[in-house]
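# Structural overview
Now for the letters of each chain:
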Amino acid sequence: MLPSTFSSLYKDRKNLPLRSGFLSLLNLNTPSLYSTIILPPSLLQIPPCPSLHHIKQAHARVIALGLSGDGEFLGPLLAAISVLPSPPRDYPRGIFDLIKYPNVLARNNIIRCYAKGDAPKESLLLYATMCRKKERPNNYTFPFLLQACGKISLISTGTQVHAHVVKLGFAKDVYIRNALIHFYGAHHELSESRRVFDENPRQRDTVTWNAILAGYARDGHMNVSERLFEEMPYRDVISWSTMIMGYVRSGELEKGLQLFSQMRWKRIMPNEAVLVTVLSAIGQLGLLERGQLVHSIIKQLNFSWSSVIGTALVDMYAKCGCIELSEQVFDEMPKKDVCTWNAMICGLATHGLAVEAMDLFQAFIARGLRPVNVTFIGVLSACSRAGLVDEGRKYFKSMTGNYGIQPEMEHYGCMVDILGRAGFLNEAVALIESIKVQPDPVLWGILLGSCKTHGLLDLGEKIGKEVLELDPAQDGYYVLLANIYAKKNKWDDVIKIRKLMVDQVAQKVAGWSLIEAQGRIHRFVAGDRVHERSKEIYKMLEEIGKRLDNAGYAPDVSAVLHDIGKEDKEQMVREHSERLAIAFGLLVTKRGSVIRIIKNLRICRDCHQVSKMISKVFGREIVVRDGSRFHHFKEGKCSCLDFW
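Residues numbered from 1 in each chain as written. Predicted model: local features only at pLDDT ≥ 70, side-chain atom pairs only at ≥ 80, totals over all residues. Heavy atoms only, no water.

Now for the side chain of Ser123. Its location among the elements puts Ser123 in helix 5 (residues 120-132). Overall, the relative accessible area of 0% leaves Ser123 in the buried class. Excluding its chain neighbours within four sequence positions, the residues that come into contact with Ser123 are Ile111, Tyr114, Ala115, Leu145 and Ala148. (Helix = DSSP H or I, 4+ residues; strand = E, 2+ residues; numbered from the N terminus. Buried < 20%, exposed > 50% of the residue type's maximum accessible area, 1.4 Å probe, protein only. Contact = heavy atoms within 4.5 Å.)

Rendered as structure tokens:
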């Protein structure tokens, strides 16, 4: 999540003293209006960062002393409840109702309790009651009301609160303006958010800038965010994290990582949100060296080993191809939540370790944890990648039968893939047709791929025509259908499909492969000759070709959908992006080290075979993460057992 405006509202504000003779300060350790409250230590004894249990103990002492109706004791209790992460619903109202003459501070506290809890509408009803009784709010009332409006997405009510702010003369208050900027930005009303930001240029603090920055970054307007970031008079860690999160959300992963490097160079201490975001970007790009660097930073900074950080590391290592390090982090974590287990189960599944994934799922259940949708996506995808049909059927059935989880399209997709890969196409068709809602065209696309795999060309041609009518903008379906026509040597139909793809403005996604080496990210496309070491790479490709030919390599050119000569087709597959990346890896990495490649599309059969042979002939382990799964090539074999 992008940082909240309310994270630093009311810093260093103090409540008024309660009674003379009460000498101690209670530090609630929360950046709010009530961050320090003067309390009687011998009576309340509420510790810093109190839990609800602590507050109830203090309340019990107040009752035992016969002070249950004393507002000067109940007020601090209410204030303490209001800073809990999730205040209970009825308990604070019970305390509030005991106060005979509640002042504006008490009203603000109960409004805040409801705004933070699960009954935000009650905050607005309380404010309406205040208005009817002509009780004047103060400048601390409105941020809590806007927080309530934000939770229930009431943009119209928030606008009414804004009108009250102006009417009552609070429009220049920086805390209220910050809350308004955040409220409008969170509801994608950037014009309104910017209007509030521009109204009082001299009345801005860092929170003001962060709020407007977050609004633009949240909506993907990174060009505007960049200008605001440069104009900021002071940037704190939230400013940096907002920009990094914005880049990652917008898919500009490398920019996000570059900004993180700048942040570290300026010696800005990262927070948990930044580290989790950076680990996510690293995982998506598969940059193991960067991931290990961030892991070392976490250790150096002595970050508390939270489940969020641990889960991000588990996920990052799994996506970078180091499932062993992922398991090591998982085993060392003192606390694991459901998200942590899901990350590990899904990680094992993408590496083709189906048995391990299912064993971990059983351990998950044995601990009394309850699976969620994502858990079964991991388990079913593990079954899919290992061809475990019976197990897949069992787990799919147990979703609704044992756990009451209704299958979503992702679960149906896994099951269609399981059945289609195993050749149970009729069962897969029946499953798709049993879905009560309109099935996603992706399901038919999966089945189309299965028809191609099993050589059911007539069925594939029929499904291909239907799926193109359902989703004419998806380039992958055109490619699959063209493959089927090519296998039937219907080259006229291949040409028609390719022309239709252009006419429907469905451009084929360009394939690329990247490798992290020498502190840089090197990206290749098929036939790439723009790399500064291109000549050396193509010389290495020639060397690879000679050694593989001697080892008995025979090209598989079925992926080439052009009616050209066999020699030309062979030349085209020799220059696929993953081969260029592997050739570069052989040039620049140490002998015996692992070559790690990230590919955005599914690896073709010929490149898969070549990668196996290179691993044997050159004695190098190669790890390729393609658009479907991980392939660990070693000693002439692949971890997927040629089943992908």
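A separate point is the packing of helix 22 (residues 409-421) against helix 24 (residues 441-453). Here helix 22 crosses helix 24 at 15°, and the two axes come no closer than 9 Å. On the basis of their axis angle, the class for helix 22 and helix 24 is roughly parallel. By crossing handedness, the relation of helix 22 to helix 24 is classed as right-handed. Here helix 22 contributes Met409, Tyr412, Gly413, Val416, Asp417, Gly420 and Arg421 to the contact with helix 24, which in turn contributes Leu443, Ile446, Leu447 and Ser450. In terms of residue class, the contact of helix 22 with helix 24 is built from 6 nonpolar, 3 polar and 2 charged. (Axes fitted to C-alpha atoms, helices over the stretch in contact; angles between N-to-C directions. Parallel < 35°, antiparallel > 145°, perpendicular 65-115°, else oblique. Left-handed = near helix turned anticlockwise from the far one by under 90°. Nonpolar A, V, L, I, M, F, W, Y, C, P; charged D, E, K, R; others polar.)

Time to look at the sheet that holds strand 6 (residues 622-625). Within the open sheet, the 6 strands sit side by side as 4-3-5-6-7-8. Their pairing is mixed. Sheet topology places strand 4 (520-525) and strand 8 (637-638) at the edges, where each strand pairs with a single neighbour. Looking at chain direction, strand 3 (residues 512-517) and strand 5 (residues 595-599) are connected through 2 bridges and run antiparallel. Across the sheet, Leu514 pairs through a bridge with Ile598, a residue of strand 5. (Pairing = 2+ DSSP bridges.)

This part is about the nonpolar core. Phe260 and Leu447 are the most contacted members of the largest nonpolar core, which totals 146 residues. Ignoring sequence-local partners within four residues, the contact set of Phe260 consists of Ile244, Pro270, Val274, Leu275, Val278, Val294 and Ile297. With 31 residues, the next largest nonpolar core counts Leu580, Cys607, Val610 and Ile622 among its residues. (Core = buried A, V, L, I, M, F, W, Y, C linked by side-chain atoms within 4.5 Å.)

Further remarks concern the environment of His608. The residue His608 is located in helix 31 (residues 605-617) in this model. Exposure remark for His608: the relative accessible area of 2% places this residue in the buried category. The spacing of His608 and Arg579 is 29 residues in sequence and 9.9 Å in space, taken between C-alpha atoms.

To continue, consider the packing of aromatic side chains. Inspection of the entire model under this criterion finds 13 aromatic pairs. The interplanar angle of 50° and the centroid separation of 5.6 Å between the aromatic rings of Phe142 and Phe170 together place this pair among those described as tilted. With Phe142 in helix 6 (residues 141-151) and Phe170 in the loop between helix 7 (155-167) and helix 8 (174-186), this residue pair connects regions lying 28 residues apart in the sequence. For Phe142, a relative accessible area of 0% puts it in the buried group. Phe170 sits in the buried class, given a relative accessible area of 14%. (Phe/Tyr/Trp six-rings, centres within 6.5 Å; stacked < 30°, edge-to-face > 60°.)

Turning next to a negative patch on the surface. Where like charges cluster on the molecular surface, the negative patch consists of Glu324, Glu327, Asp331, Glu332, Glu356 and Asp359. Looking at the negative patch, the elements with two or more residues in it are helix 17 (323-332) and helix 19 (354-366). No other element matches helix 17, which puts 4 residues into the negative patch. (Patch = residues over 30% accessible without salt bridge, like charges linked within 9 Å, V, L, I, M, F, W, Y side chains within 5 Å. Areas by Shrake-Rupley, 256 points an atom, 1.4 Å probe, with all protein chains shown as cover. Salt bridge = Lys/Arg side-chain N within 4 Å of Asp/Glu carboxyl O. Lys, Arg positive; Asp, Glu negative; His and termini not counted. Charge placed at Lys NZ, Arg CZ, Asp CG, Glu CD.)

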